[in-house]
Structures are given as structure tokens and as C-alpha cells.
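Remarks on the overall topology
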Amino acid sequence: MSRNHHSISFLRKPEKAAYFFLSPAAIILAVFVFIPLGAAVIISFQNLTIYLDPAHFVGLKNYLNILVDPRFWNALRNTLLFLVLEMPLHVILGLVVAVALSQTNLFTKFMRSVFFLPAVCSLTAISIVWSFLLDPNMGTIPYYFEKLGFPGLQFLHDSHMAMPVVAGITIWKNFGMTMIIFIGGLQSIPQSYYEASEIDGANRTDQFFHITVPLLVPTINFCVITNMIGSLQVFDQIYVLTSGGPLFSTETLVMYIYDTGFKSAPYDLSYASAIAVVLFLIIMIITLISNRFFTSRETVDM
Amino acid sequence: MLLLLVIVLYPFVWLILSTFKPESDFAVYPPHFFNTSFTIDAYVKVWSNLPLLMFLKNTIIFSGSVMVLSLLVDSMAGYAFARIHFKGKNIMFTLVLVTMMIPFQILMIPLYLLLYRMNILNTFAGLILPRVADAFGIFLMRSAFVSLPKDLEEAARVDGFNELQIFFRIMFPLCKPAAITLCIMSLMSNWNDLLYPLILTSSTEMRTLSAGLATLVGQRTIEYGPTLASALVSMLPLAILYFFAQRYFIQGIATTGMKS
């Protein structure tokens, strides 16, 4: 009798236990994500500064200012330029290297480990190293270019070269991570597909475009979207490498948000929040569009 | 492939050699790759001029606590989502996934104000707490718990285990590989993060390695050798960990793309 009672109370328990298990995460996410998210939207309609004087609602003023702010449009253009320079090359390089190293042996294991190494290192430290290597006066890389017949290249100090160079360093840092994700995806493709296509006379290029790429669409989707979100939020390497210069040529949206809110007077938190809300909307839209593009691909190709 | 190998390794080899260069080696033209002599001056200078040990201690406390706490919090939430039916599960899980799409940049200003009001700005509590629950971690642990055999907890209930015991003694230990992956991902992202600690800390005593280094380099007051030496020192702990636990790093990352 008592044992029976015992088991009934246990049957009732899992649901209660679920709320218990969830509560720490729920509280943390509510306090540190959802409340700040709501607050960001509210602040963006106010005139709040870092000195936290009483703020007033100013309606759409900050958003209207964004529309006519040349520095915002410059930052948006730079952010998109970074995305276009970085993302395609990064994903393609990651995929090609993954295919080249997809067999598992001692050599490929070694290469994978080396290529992944930059991904483990902090972007800050890596950026310091690259800024020294590319320094026009003391860097070895401008010197090598001079020997090859390209003297006087300024790299990060040239407003036309700076962004491509920053994108290149980012690819150098991150392609190994993407490569490993693709190797994981490749290993889930049944070997029999390749064997069957070999019987049909397909060469390696055919196999790459007709088997590997179509079957990797979900993984490519994951890499492209995470990479795109990351690119739109680019900050660390630019903060260290160029601080947004020369002549604002590498100032991205997040650099501009940081500068507006935390670095330059009048520390306009509301205007910075408004730009952040706009950035959030841009990220949402681009993510949804590309996700739709890839999911339609998934069904067509398979 | 070999060219790529050279391009990837070149900065690391140059960095290691350069930390042992005398300061005069940086002032010559043409610049040379190899040292004229070897010296540990740079490391000595770093040691005496930079609060590197403090940065290191802060980084370990910050990323270590986040790793341990988020493993616990994310696993518990992931377990509830994976194995228990309860009211509001779908809505709550959707909300968790939504947080993955919110960029940190939109949260950072209100978060700064919130921590200020809570009086924990520039403290470890302020740095650690917001990172203790993480959508990616919940998602990862949920995938791991979902794939466990169906009647495990029924058998445990018959044996008289309560829900907490089932989680801690049976289910959680079975998800060790996912837990290791989560620990590594969490450690990597928090150890290397820049913007987050840069904004939520203001005094040198609270800076992490990334934030401390970035501000020091931004001031351009220290010499070349010591700057490079401190960059190397900041990367070394994770690089050493990677060297010994490579398998987990690579396996962990390889599976993340497939689960989404």
C-alpha cells in the first residue's frame, strides 16, 4: 500500500522536476537576454548617455538620424564589404581543404591539426602578430613583396587595402574550423555513393559537384549562416588591427556602435542602441533569406 | 597544400622566434625572419611591467567558472527538453532557440546598465552570470540526451531513484562526450572573447588576457618584444590544452555542423 502511494507520487514528479531543471537557465536567459533585448528597443527611442542623466523619450529621432548619418552608411558598406570578401572564400577554402583531407591517415591528421590551430588562438593575440608582420617599416611580409617587385605596399595603412587584408587574416584564422565541420559532414556521406558513381565513369570533379556538394547542403547552410552572422558582427580583429581606420575605411557597424556608446563623447547610448537594433534587423533578414535559399536547394537537389 | 601549410605556420614560427629577439632586431632594415641572438629580455620585461599574472588569473576564473556552471545549467535544461514532457515545452524551447539569433551587440548596452544597477559591473559575478546559460549549450546537450535509450529512466524509477538521482547518477554520466565538447567550446569562446570583457570590466585589476592585451596594444606604449611575448603567453594555455586534447576539440567541432 505504502509502496503504491510512493510510485504514484513519483509519476507526478517528472513534470515538476522538469521545471526545476529548467529554472536556472530560464532565469539567466530572462534576466540577461530577454530583459536587455526589450530594454535595447526602449533605449533606442530615448536620449540616454553613459552618464545616466534622466532620459526622455525622443520618438523616432535616433532612427531618423541614422538615415542621414554618412558614418552609418559608411559602416554598413564596410560591413557588407567584409562579408562579401570573407565569407565566400572562407567557406570554399574550408570545403576544398576538407575534401582534400577527408581520408584519415597520419598525414591528413597532422594537416588538420595544423590548420585548426589558428582557430584555437585568440583573435586579439593573432591580430597583434599580423599587425607586426604587415607593418610597412618592420614587417617581413611587405619586405618579401618588395623583393617580388611590389615595393611600398602599405597593407593596413592603405585605405583601399586595409579591408581586404583584414578579411584575409580572418580567413586565415577561421577556415580550419570550417574545414573540420565539413570533414564531419563528409564522413556522414555513404562511401557507396562514390563507388557507384565510379562504376558509371564519374571522375573526381564530377563526384565533387554531383555528390559531395549536394549532400553537404545542410552543412554548407550551417557554415554560411553562422559565418554570415559572425561577419556582420565583426569587431575584435578590426579593433586591434586598424581601430576602424585609415580614414574610417574599416569602420564596421559594431565598431561604430562601440565607438558611439563607449569610446567617444558624448557616449550616446541611445543612438548606439538604435544602430544595434538596425543591425539586429539586418542580421534577421539576411539569415532568413539565406536559410530559405538553402532549404529550397535541399529539396530540389535530393 | 604545402603552401597553405607554410602560410598557416609562418606567423606562429615568427612569433615564437621574435619573442626571443633583442629589441634591436626589430629596428633593422631589411627586417629579418631569424634572430641575431637569443634573449629572454622580452619575457623578463613582460613579467615586471604587465599584470599578466592577474590577467591570466582573471581569465581562468572567468572562463573556468562559466565552463563549469554553464555545463551544469545547460545540461539540466537540455535534459528537461529531451526527456520530460511538460506544459509549455515547445514555447520555451523556441524561446531558447531565438536567443541564438540575437547578436551580443544589441544586448551589450542594456546589459552594461543592468549590471551597473545590480552593482556587479566590473566584478566576477557580473562577468560570469550572464554567460551561465547559453542556447547553443542547451541545444547541444538536448541532442545528446535525446539519443539515449528510451527506458533508462523507467528502469531507474523502478529501482527507486528520484528525478535528481536519475539525472546526476545515470543520464548525465552517459553524455560525457557532449559534455566535453560543450566545455571546450565554452572555454574557447570565453577565453578568447574581447568585446564582452572589454565592456563589462573597467579597471586593470579585472581585465582578462584578451581585453588587457588589446587595451595595452591600443595605447602603443610598450615595446615590440614584450608585446609579442605577452601575445604568446595569452595563447599558450589554450594551445597546450589543444595539443593534448586535440581529439575532443576536433570531434566536438565536427559534430556541431551536423546537428543543426
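Being a predicted model, the structure only gives us computed values, none of them experimental.

1. What about the overall build of chain A?
- Looking only at helices and strands, chain A has 13 helices and 0 strands in total.
- Of the regular secondary structure in chain A, the N- to C-terminal order runs α-α-α-α-α-α-α-α-α-α-α-α-α.
- Taken over C-alpha atoms, the radius of gyration comes to 25 Å for chain A, far larger than the 19 Å a tight globule of 302 residues would show.
- Judged by the C-alpha coordinates and their principal axes, chain A covers about 90 × 70 × 35 Å.

2. So, the interface of chain B and chain A
- Taken residue by residue, the interface counts 68 residues in chain B and 74 residues in chain A.
- The set of elements that each furnish at least two residues to the side of chain B that touches chain A consists of helix H1 (2-18), helix H3 (52-83), helix H4 (89-101), helix H5 (104-117), helix H10 (176-192), helix H11 (195-200), helix H12 (209-219) and helix H13 (224-259) of chain B.
- It is H13 of chain B that provides the largest number of residues to the side of chain B that touches chain A, a total of 17 residues.
- Grouping the constituent residues of the side of chain B that touches chain A by class yields 54 nonpolar, 11 polar and 3 charged.

3. So, the packing of H3 of chain B against H10 of chain B
Residue and element names in this part refer to chain B.
- Contact pair H3 / H10: the axes reach a minimum separation of 9 Å and the direction vectors enclose 145°. The way H3 lies across H10 gives a crossing that is right-handed. For the pair H3 and H10, contact is made by Thr59, Phe62, Ser63, Val66, Met67, Ser70, Leu71, Asp74 and Ser75 and by Ala179, Leu182, Cys183, Ser186, Leu187, Asn190 and Trp191, respectively.
- Taken together, the residues of the contact of H3 with H10 sort by class into 9 nonpolar, 6 polar and 1 charged.

4. Topic: the packing of helix H4 (residues 106-120) of chain A against helix H7 (residues 162-186) of chain A
Residues and elements named next belong to chain A.
- Running from amino to carboxyl end, H4 crosses H7 at an angle of 125°, the nearest separation of the two axes being 6 Å. With respect to each other, H4 and H7 are oriented oblique. Handedness of the crossing formed by H4 with H7: left-handed. Seen from H4, the contacting residues are Arg112, Phe115, Phe116, Leu117, Pro118 and Ala119; seen from H7, they are Trp172, Lys173, Asn174, Gly176, Met177, Met179 and Ile180.
- Taken together, the residues of the contact of H4 with H7 sort by class into 9 nonpolar, 2 polar and 2 charged.

5. So, the confidence of the model for chain A
Residue and element names in this part refer to chain A.
- In the predicted model, chain A carries a mean pLDDT of 87, and the fraction of residues at 70 or more is 94%.
- The element-level mean pLDDT for chain A is lowest in helix H1 (residues 2-43), coming to 79, with helix H3 (residues 70-100) highest at 95.
- The model gives residues 1-5 a pLDDT under 50, and that stretch makes 0 contacts with residues more than four places away or in other chains.

Conventions we followed
Residues numbered from 1 in each chain as written. Chains lettered and ligands numbered in written order. Predicted model: local features only at pLDDT ≥ 70, side-chain atom pairs only at ≥ 80, totals over all residues. Helix = DSSP H or I, 4+ residues; strand = E, 2+ residues; numbered from the N terminus. Rg over C-alpha atoms; globule rule 2.2 N^0.38 Å. Contact = placed C-beta atoms within 7 Å. Nonpolar A, V, L, I, M, F, W, Y, C, P; charged D, E, K, R; others polar. Axes fitted to C-alpha atoms, helices over the stretch in contact; angles between N-to-C directions. Left-handed = near helix turned anticlockwise from the far one by under 90°. Parallel < 35°, antiparallel > 145°, perpendicular 65-115°, else oblique. pLDDT = per-residue confidence, 0-100.

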